[in-house]
Amino acid sequence: MKTDDLKKAAAEAAITYIEPKLKLDSIVGVGTGSTTDHFIDALGSIRHKFDATVSSSEASTSRLEGVGVRVIDLNTAPGIFVYVDGADEVEPSNAVIKGGGGALTREKIIAAASDEFVCIVDDTKCVDQLGSFPLPVEVVPMARSFVARSLVKLGGDPIYRNGFITDNGNLILDVQGLNIDDPDSLEKAINNIAGVVTNGIFATNRPDTLLVASAERVFIR
C-alpha cells in the first residue's frame, strides 16, 4: 500500500471519528501538511454538519475555502471542538514532532485551544524515540544566530531553512542530533531560549487521540 494511500486512510478515519460528535455550532481546527490535505478534501463533504474551521496556515485556509468550508479567525471562535492534524514523528507516549511544513506555531496554538487534539499519521511516522526527523524551531529573525548557538549547547546541529519564511514572518531552524529521551523537558528548555517562538515538540499538549493507518487497518491509540 502506497504511503499516500495510508495518509488518505488516516484522514478518512478522522472524518468517521469526528462526524458523529459534531454539532451545527462546532468549530473544527485544521492543521497543515500532506495528510491533513486529505482530511480537508474529505471535510468538504460534511461541511453542513459544523459551523466553521480555524486554520493553522495560509495554505490550509486556501484549500479549505476551495472545498467550500468556512474559515474564521481564532480570536472570533468561541471555542474549538476538535483539532485534526498530522505529525512528522510520534513516539509511544504520543508526544510528536510537527513543523515540517513550517506551521508549527499556529498548529501549537490551535492544539492548545482545542477540546480534543486528534493526530492522523501513517505507520511510517511511528518511532521508538523522537529525533530522527529534524526538529523545527521557529525563531525571530534577529535572534537566529543566538538561538543556533544555544541549540548547539543542547547537543543539536541547527540548519537554517534557507529561503523559508513562516506565515508569522519568522525563520525556521531544523535541528538534528538532539537526544529527545524526555520530550516534555526538552520542549520547555528550547522554548525558554530568548528569540524562540516555539519548537516542534508537542509534548505539553500531546494528541488526545492518535489514528494510525497501516496496510492492514487504521487503529486508535
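About the cut-offs
- Residues numbered from 1 in each chain as written.
- Predicted model: local features only at pLDDT ≥ 70, side-chain atom pairs only at ≥ 80, totals over all residues.
- Heavy atoms only, no water.
- Axes fitted to C-alpha atoms, helices over the stretch in contact; angles between N-to-C directions.
- Helix = DSSP H or I, 4+ residues; strand = E, 2+ residues; numbered from the N terminus.
- Parallel < 35°, antiparallel > 145°, perpendicular 65-115°, else oblique.
- Left-handed = near helix turned anticlockwise from the far one by under 90°.
- Contact = heavy atoms within 4.5 Å.
- Nonpolar A, V, L, I, M, F, W, Y, C, P; charged D, E, K, R; others polar.
- 1 Å grid on protein atoms, 1.4 Å probe; cavity = no way out; pocket = protein on both sides within 12 Å on 5 of 7 lines; lining within 4 Å.
- Points joined across faces, edges and corners; volume = space filled by probe spheres on them.
- Salt bridge = Lys/Arg side-chain N within 4 Å of Asp/Glu carboxyl O.
- Buried < 20%, exposed > 50% of the residue type's maximum accessible area, 1.4 Å probe, protein only.
- Core = buried A, V, L, I, M, F, W, Y, C linked by side-chain atoms within 4.5 Å.
- Pairing = 2+ DSSP bridges.
- Right-handed = clockwise from strand over helix to strand, strands pointing away.
- Arc of directions from axis to C-beta.

Visitor: Before we go on, may I ask you to explain the packing of helix H1 (residues 3–18) against helix H2 (residues 34–43) in this structure?
Guide: Where H1 contacts H2, the axes come no closer than 8 Å and their chain directions differ by 45°. One element, H1, and the other, H2, form an angle in the oblique class. Once H1 is placed against H2, the crossing between them reads as right-handed. Here Asp 4, Lys 7, Lys 8, Ala 11, Ala 14, Ile 15 and Ile 18 of H1 come into contact with H2, specifically with Ser 34, Thr 35, His 38, Phe 39, Ala 42 and Leu 43. The residue makeup of the contact of H1 with H2, split by class, is seven nonpolar, three polar and three charged.

Visitor: Even after reading the chapter, I still don't get the layout of surface pockets, so can you show me in this structure?
Guide: Any empty space left between the atoms is revealed when a probe the size of a water molecule rolls over them. A volume near 240 Å³ is recorded for the largest pocket. In this structure, the largest pocket is lined by 13 residues; those nearest its centre are Val 54, Ser 55, Asp 73, Leu 74 and Arg 106. Going through the elements one at a time, strand E2 (52–55), helix H3 (58–66) and helix H4 (104–113) are the ones with two or more residues in the lining of the largest pocket. Among the elements that make up the lining of the largest pocket, the one with the highest residue count is H4 (three residues). Its residues assigned to classes, the lining of the largest pocket shows six nonpolar, four polar and three charged. Empty space within the second largest pocket amounts to approximately 190 Å³. Lining the second largest pocket are 19 residues, with Thr 32, Gly 33, Ser 34, Ala 87 and Asp 88 sitting closest to its centre. Every element with two or more residues in the lining of the second largest pocket is listed here: H2 and strand E6 (117–122).

Visitor: Looking at this structure, I do not really get the pattern of salt bridges. What am I missing?
Guide: Side chains that differ in charge, positive against negative, can pair when their charged atoms come close. Here the structure, examined in full by the defined rule, presents twelve salt bridges. For Asp 122, the salt bridge goes to Lys 125, with nearest N and O atoms at 4.0 Å. Here the two residues Asp 122 and Lys 125 agree in accessibility, since each one is buried. With a closest N to O distance of 2.7 Å, Arg 161 and Asp 174 form a salt bridge. One end of the pair, Arg 161, is in the loop between strand E8 (157–160) and strand E9 (171–176); the other, Asp 174, is in strand E9, with 13 residues separating them in the sequence. In this pair, the class of Arg 161 matches that of Asp 174, namely buried. Beyond isolated ion pairs, a larger network of salt bridges with shared partners links Asp 37, Asp 41 and Arg 63.

Visitor: I keep staring at the nonpolar core and nothing clicks. Help me out?
Guide: One broad trend across soluble globular proteins is that nonpolar side chains are buried collectively. One finds Phe 39, Leu 43, Val 84 and Ile 120 to be the most contacted residues of the largest nonpolar core, which totals 24 residues. Broken down by element, the residue count for this core peaks at seven residues, all from H1.

Visitor: Explain the pairing of E2 here, please?
Guide: Where a strand is regular, its side chains alternate between the two sheet faces. Because side chains alternate across E2, one face comprises the buried residues Ala 52 and Val 54, and the other comprises Thr 53 and Ser 55, equally buried. Where strand E1 (residues 27–30) and E2 come together, four bridges link them in parallel fashion. Across the sheet, residue Ile 27 finds its bridge partner in E2, namely Ala 52. Tracing the backbone out of E1, into H2 and back to the parallel element E2 gives a crossover that is right-handed.

Visitor: Where do I start with helix H5 (residues 144–153) in this structure?
Guide: An α-helix turns once every 3.6 residues. As a result, residues three or four positions apart point the same way. Within the sequence span of H5, burial applies to Val 147, Ala 148, Ser 150 and Leu 151. The buried residues of H5 occupy one face: seen down the axis, they fall within an arc of 165°. Opposite the buried face of H5, by more than 90 degrees, sit the exposed residues Arg 149 and Lys 153. Against strand E7 (135–139), E8, E9, helix H6 (183–191) and strand E10 (196–199) lie the buried residues of H5. Directly after H5, the chain includes Gly 155, whose backbone phi takes a positive value near 100°.

Visitor: Got a minute to help me understand the environment of Pro 78 in this structure?
Guide: By the secondary structure assignment, Pro 78 is in the loop between H3 and strand E3 (82–85). Look at Pro 78 and you get exposed, because its relative accessible area is 78%. Separated by 45 residues in sequence, Pro 78 and Asp 123 have C-alpha atoms that sit 34 Å apart.

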